[in-house]
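Below are the chains, spelled out letter by letter.
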Amino acid sequence: MWVSSMSTIMRSSSSSSSSSVLSLSPPRKYIQVFAQMQQQSMRKQTWASSISCSSSFGRGNNESVAAANKGKSKVAVVRGVPDSFANALAMEKPASPVNLERAREQHAAYVQILRGLVQEVIEIPADNQYPDCPFIEDTAIVIGNQALITRPGAVSRQGEEVEVHHALAKMGLKICEVQPPGLIDGGDVLYASGLLFAGKSRRTNDDGILALTNAFPEIGVHPIKVAKGLHLKSALTCIAPRTLAVEDNEDPQAMFEELQKMTAQHFKSFQVSVAGAANTLWVGDTLLISSTLAGDLEPHFKQFAGEVVPVDISEFHKADGGLTCLSLIFEL
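Source: prediction; values computed, not measured.

Draft legend 1. Fine view of the overall build of the protein chain. Across its full length, the protein chain holds eight helices and 17 strands. Relative to its full complement of 332 residues, the protein chain shows a buried share of 54%. Working note: accessible area of the protein chain is about 14,400 Å², and carbon and sulfur atoms make up 50% of it.

Take a look at the structure:
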């Protein structure tokens, strides 16, 4: 999910646009009450067109997401690093080849950090047939007791989702699957403040977004155009309630502005001008940031979380990977 090279550390926007921006100083109290969300009209199509669902695995009821999540334990699902990881996809050839041993050390450290933040970590073995399989985020979207098994946008990755499907089914989740011609990567799906945003990108198409809409009918899905980057969350992630880290480049800024229009200016933005540094992982009151890309920003991120933890995943950056890519985290 990470692309391009590092630039300056950080700057706040001086734009007079309608979006709200947080600078390096402590954030001001919110002065606007969230306006009533504009309801998007949802296309009324049959589920069979782009999605299939099975309730045989599930707890199978229609309770709200909030009720489903209440009192649940937080779970992380991760997948090992295959011998073939050096052949993982990359938008640009890395300056140095992937170091497999180092990647496995970094992955183990990442998993160990998660063990301190969630009640259970489930590890799926690596599969050498799929060099990108550690980037498990792209294979499923899980909210409450509902999971959407994706159909990854890169043909070489189609099949990674099978073992993830099996693992999630064993947990008793209700399972839906994206059907052809639908394509969607989990890296294009942002769940923030009870809202779903789906990046329409080179890896996610309209049919994939429709499948997401059908899988989570109680939550409106807001499509966002991703013009240049790999995924929506390559440059835009949630770091606190109603607050998003946004890469300070033209395309991410356009995505944030589009998001704001859809949600009546619901979110604040924290501008990050280091390419890739806006991809963070927020777990409870802890925010994980890339030590390689965002280490110098740690003091500034601390205004949003009880604890900020820099994590070295430099070998995964070489394959366009970010912190969110390496896990599925949800309440069960």
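Draft legend 2. Broad picture of helix α3 (residues 161–170). Along α3, the residues classified as buried are E161, V164, H165, A167, L168 and A169. Buried residues belonging to α3 abut β3 (74–79), β4 (120–124), β5 (140–143), β6 (146–149), β7 (174–178) and β17 (328–331). G172 occupies a position one or two residues after α3 and carries a positive phi of about 90°.

Draft legend 3. Up close: helix α5 (residues 250–262). When the terminal C-alpha atoms of α5 are compared, their 19 Å separation across 13 residues agrees well with the 18 Å that a helix rising 1.5 Å per residue should span. Within α5 the residues assigned to the buried category are D251, P252, Q253, M255, F256, E257, L259, Q260 and M262. Looking at the residues trailing α5, positive phi occurs at A264, about 55°.

Draft legend 4. Region of the structure containing the side chain of R203. Tracing the sequence through the fold places R203 in the loop between β9 (195–200) and α4 (206–215). The class of R203 is buried, set by a relative accessible area of 14%. In this view, R203 contacts L89, G153, A154, R157, L183, I184, D185, D188, L230 and H231; residues no more than four positions away in its chain are not counted.

Draft legend 5. Expanded view of unusual backbone geometry. Following P180, the chain continues into P181 via a peptide bond in cis, with omega recorded as 5°. Relative to the helices and strands, P181 resides in the loop between β7 and β8 (189–192). Non-glycine residue A264 carries a positive phi angle of around 55°. Residue placement: A264 occurs in the loop between α5 and β13 (268–272). Overall, A264 belongs to the partly exposed group, its relative accessible area being 26%. Phi is positive for D320, which is not a glycine, with a value near 65°. Structurally, D320 can be placed in the loop between α8 (314–317) and β17.

Draft legend 6. Spatial organisation of the pairing of strand β10 (residues 221–225). Note: β9 against β10, five bridges, orientation parallel. Paired with G199 across the two strands is I224, which belongs to β10. Regarding topology, α4 serves as the crossover connection from β9 to the parallel β10, and that connection is right-handed.

Draft legend 7. Spotlight on the pairing of β7. Sheet topology places β6 next to β7; four bridges connect them, and they run parallel. Bridged to Q146 within β7 is K174. Taking the sense of rotation as the criterion, the β-α-β connection linking β6, α3 and β7 turns out right-handed.

Draft legend 8. Spatial organisation of the sheet that holds β9. One open sheet accounts for three strands, arranged β8-β9-β10; its pairing is mixed. At either margin of the open sheet sits one strand with a lone partner, and together these are β8 and β10. In this sheet, neighbouring strand axes are inclined to one another by 25° on average, regardless of whether the strands run parallel or antiparallel. On top of the sheet, α4 reaches β8, β9 and β10; it is set at about 165° to β9, its chief contact. Here α5 sits on the sheet and contacts β9 and β10; the angle it forms with β10, its principal contact strand, is near 155°.

Draft legend 9. A look at the confidence of the model for the protein chain. Counting all residues, the mean pLDDT for the protein chain is 84, and 78% of those residues have values of 70 or more. Segment residues 1–49 is flagged for pLDDT under 50; beyond a separation of four residues in sequence, or across chains, it makes 107 contacts in the model. The low-confidence segment residues 55–70 (pLDDT under 50) makes 27 contacts with residues lying over four places distant or belonging to another chain.

Draft legend 10. Expanded view of the packing of aromatic side chains. Following the criterion strictly, the structure yields six aromatic pairs and no others. Ring centres of F135 and F316 lie 6.1 Å apart, and the angle between their planes is 80°; this geometry places the pair in the edge-to-face category. Placement of the pair is F135 in the loop between β4 and β5 and F316 in helix α8, with a sequence separation of 181 residues. Looking at F135, the relative accessible area reads 3%, which means it is buried. An aromatic cluster is present here, built from F85, F135 and F316 joined pairwise through their rings.

Draft legend 11. Summary view of the nonpolar core. Counting 24 residues, the largest nonpolar core has F85, Y110, L114 and F316 as its most contacted members. Listed by contribution, the elements that provide at least two residues to this core are β3, α2 (100–115), β14 (281–283) and β16 (307–311). For this core, the leading source of residues is α2, giving four residues. Beyond its immediate stretch of four places on either side in the chain, F85 contacts V98, L100, A103, P131, P134, F135, E315, F316 and A319.

Conventions and cut-offs
- Here the residue numbering is sequential within each chain, running from 1 through the sequence in written order.
- This being a predicted model, a pLDDT of at least 70 is required before a residue's local features are given, and a value of 80 or more before pairs of side-chain atoms are given or counted; all residues contribute to the totals for chains, interfaces and linings.
- Side-chain measures here rest on the full set of heavy atoms in the structure, leaving out hydrogens and waters.
- Secondary structure elements are taken from DSSP: a helix is a run of H or I of four residues or more, a strand is a run of E of two residues or more, and numbering for both begins at the N terminus.
- Exposure categories follow from relative accessible area, calculated using a 1.4 Å probe and restricted to protein chains: below 20% of the type maximum is buried, above 50% is exposed, and the middle band is partly exposed.
- The Shrake-Rupley method, run with a 1.4 Å probe sphere, supplies the accessible areas, and residue values consider only the shown protein chains as cover.
- Contacts: residue pairs with any heavy atoms within 4.5 Å of one another.
- Expected helix span is taken as 1.5 Å per residue step, with the number of steps being one fewer than the number of residues.
- Strands pair, by our definition, only if DSSP identifies at least two bridges between them.
- Here the term right-handed applies to a crossover when the path leading from its first strand over the helix to its second strand runs clockwise, the strands being oriented away from the viewer.
- Every angle, taken between N-to-C directions, lies between 0 and 180 degrees, and every axis is a line fitted to C-alpha atoms, over only the stretch in contact when it is a helix.
- The quantity known as pLDDT measures the predictor's confidence residue by residue, on a range of 0 to 100.
- Note on aromatic pairs: the rings of Phe, Tyr and Trp (six-membered ring only in Trp) are paired at centre separations within 6.5 Å, and the planes decide the class, stacked below 30 degrees, edge-to-face beyond 60, tilted for the rest.
- The criterion is simple. A nonpolar core is a set of buried Ala, Val, Leu, Ile, Met, Phe, Trp, Tyr and Cys residues joined through side-chain atoms within 4.5 Å.

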